[in-house]
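Residue-level structure breakdown
Residues per chain are reported as follows:
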Amino acid sequence: MAQKFTSVAFLPPFIDTYREMPCLWKVKSKAYSNRLLCDEAMKKLIELCKTVCVNANENYVKNKIANLRTVFQKELNKMENSKKSGAGTDDVYVPWLWYFQNLMFLTDSDMPRESQCTLLPGPSDEPSCSPLSEFEVLETQLQESEATPEKSTHNPCL
């Protein structure tokens, strides 16, 4: 009988191999933007997948990884939401995925980056993220309009 991708014999080694290749999943890694390194890592995963699916190619592997990550993220969100809801320790959601713990390394890569404000520059030439009052916004717009000559808005078609 042929193995399936999600079989207990295949999936843990696949996940372990994937974990060992941070160039494919760790966005903050310098290796993540190294295309040659990523291509080599993907080739290794393709060869591993060919033991389960003879026709495995890059799209097959990418789809399987995306599926694993999606299901893992859904389970993680359910678990986190049940903790936030004020439920007791007995009521916290327990993930049903048997490979959930194997994918916990992905929580490091899915953290959103710090946001950067690109509003108006502050005194140190860095963007200022303090909220501006309506007066400050209008004053800034007025200064900008005075600095640039106004173009004619005459429309001969009207």
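Quick summary incoming for the structure in this document. Note that the coordinates shown come from a computational prediction; the quantities given were computed from them, not determined experimentally. (Residues numbered from 1 in each chain as written. Predicted model: local features only at pLDDT ≥ 70, side-chain atom pairs only at ≥ 80, totals over all residues. Heavy atoms only, no water.)

Once that is clear, we can look at the nonpolar core. The nonpolar side chains of a soluble globular protein tend to be buried, and buried together. Among the nonpolar cores identified, the biggest contains 31 residues, and Phe 5, Phe 14, Leu 24 and Val 61 are the most heavily contacted of them. Residue assignment for this core shows that the elements contributing at least two residues are α1 (11–19), α2 (35–49) and α3 (58–84). In contact with Phe 14, not counting residues within four places along its chain, are Phe 5, Leu 45, Leu 48, Cys 49, Val 61, Ile 65 and Leu 68. (Core = buried A, V, L, I, M, F, W, Y, C linked by side-chain atoms within 4.5 Å. Buried < 20%, exposed > 50% of the residue type's maximum accessible area, 1.4 Å probe, protein only. Helix = DSSP H or I, 4+ residues; strand = E, 2+ residues; numbered from the N terminus. Contact = heavy atoms within 4.5 Å.)

This part is about the pattern of salt bridges. Going through the model one piece at a time under the given rule, you end up with five salt bridges. Residue Glu 40 pairs with Lys 43 through a salt bridge whose shortest N-O separation is 3.8 Å. Here Glu 40 and its partner Lys 43 are both found in helix α2, three residues apart, which amounts to about one turn of the helix. Residue class for Glu 40 comes out partly exposed when judged on its relative accessible area of 45%. Across the pair Glu 75 and Lys 78 runs a salt bridge, and its minimum N-O distance is 3.7 Å. In this pair, Glu 75 and Lys 78 are both assigned in helix α3, three residues apart and thus about one turn of the helix distant. According to the relative accessible area criterion, Lys 78 is partly exposed, its value standing at 43%. (Salt bridge = Lys/Arg side-chain N within 4 Å of Asp/Glu carboxyl O.)

Further remarks concern α2. Because the α-helix completes a turn every 3.6 residues, residues three or four places apart line up on one side. Look at α2: 21 Å from first C-alpha to last across 15 residues, which is about the 21 Å you get at 1.5 Å a residue. Of the residues making up α2, those classed as buried are Cys 38, Ala 41, Met 42, Leu 45, Ile 46 and Cys 49. Angularly, the buried residues of α2 cover 145° about the axis, an arc narrow enough to put them on a single face. Residues of α2 that are exposed and point over 90 degrees away from its buried face: Leu 36, Lys 44 and Glu 47. Turning to α2, the residues buried within the fold contact α1 and α3. One side-chain oxygen at the N-terminal end of α2 lies 3.2 Å from the backbone nitrogen of Leu 36; it belongs to Asn 34. (Expected span 1.5 Å × (residues − 1). Arc of directions from axis to C-beta. Polar contact = N/O pair within 3.5 Å; in protein donor to acceptor, adjacent residues only side chain to side chain.)

This brings us to the packing of α1 against α2. Across the interface, α1 lies against α2 with an axial gap of 10 Å and an inter-helix angle of 175°. Looking at the two axes, α1 sits roughly antiparallel to α2. Residues Pro 13, Phe 14, Thr 17 and Tyr 18 of α1 touch α2, and the partners they reach there are Leu 45, Leu 48 and Cys 49. (Axes fitted to C-alpha atoms, helices over the stretch in contact; angles between N-to-C directions. Parallel < 35°, antiparallel > 145°, perpendicular 65-115°, else oblique.)

If you walk through the whole model with that rule in mind, you get eight aromatic pairs. Here the aromatic rings of Phe 5 and Tyr 60 are separated by 6.3 Å at their centres, their planes lie at 90°, and the arrangement is edge-to-face. On the criterion of sequence distance, the pair formed by Phe 5 in the segment before α1 and Tyr 60 in helix α3 is long-range, its members being 55 residues apart. Each of the two residues, Phe 5 as well as Tyr 60, counts as buried. Members of the aromatic cluster, each reached through a chain of ring pairs, are Phe 5, Phe 10, Phe 14 and Tyr 60. (Phe/Tyr/Trp six-rings, centres within 6.5 Å; stacked < 30°, edge-to-face > 60°.)

If you check α3, its first and last C-alpha atoms are 38 Å apart, about what 27 residues at 1.5 Å a residue would give, namely 39 Å. Buried residues of α3: Tyr 60, Val 61, Ile 65, Leu 68, Phe 72, Glu 75, Leu 76, Met 79 and Ser 82, and no others. Capping the start of α3 is the job of one residue whose side-chain oxygen sits 3.2 Å from the backbone nitrogen of Asn 59: Asn 57.

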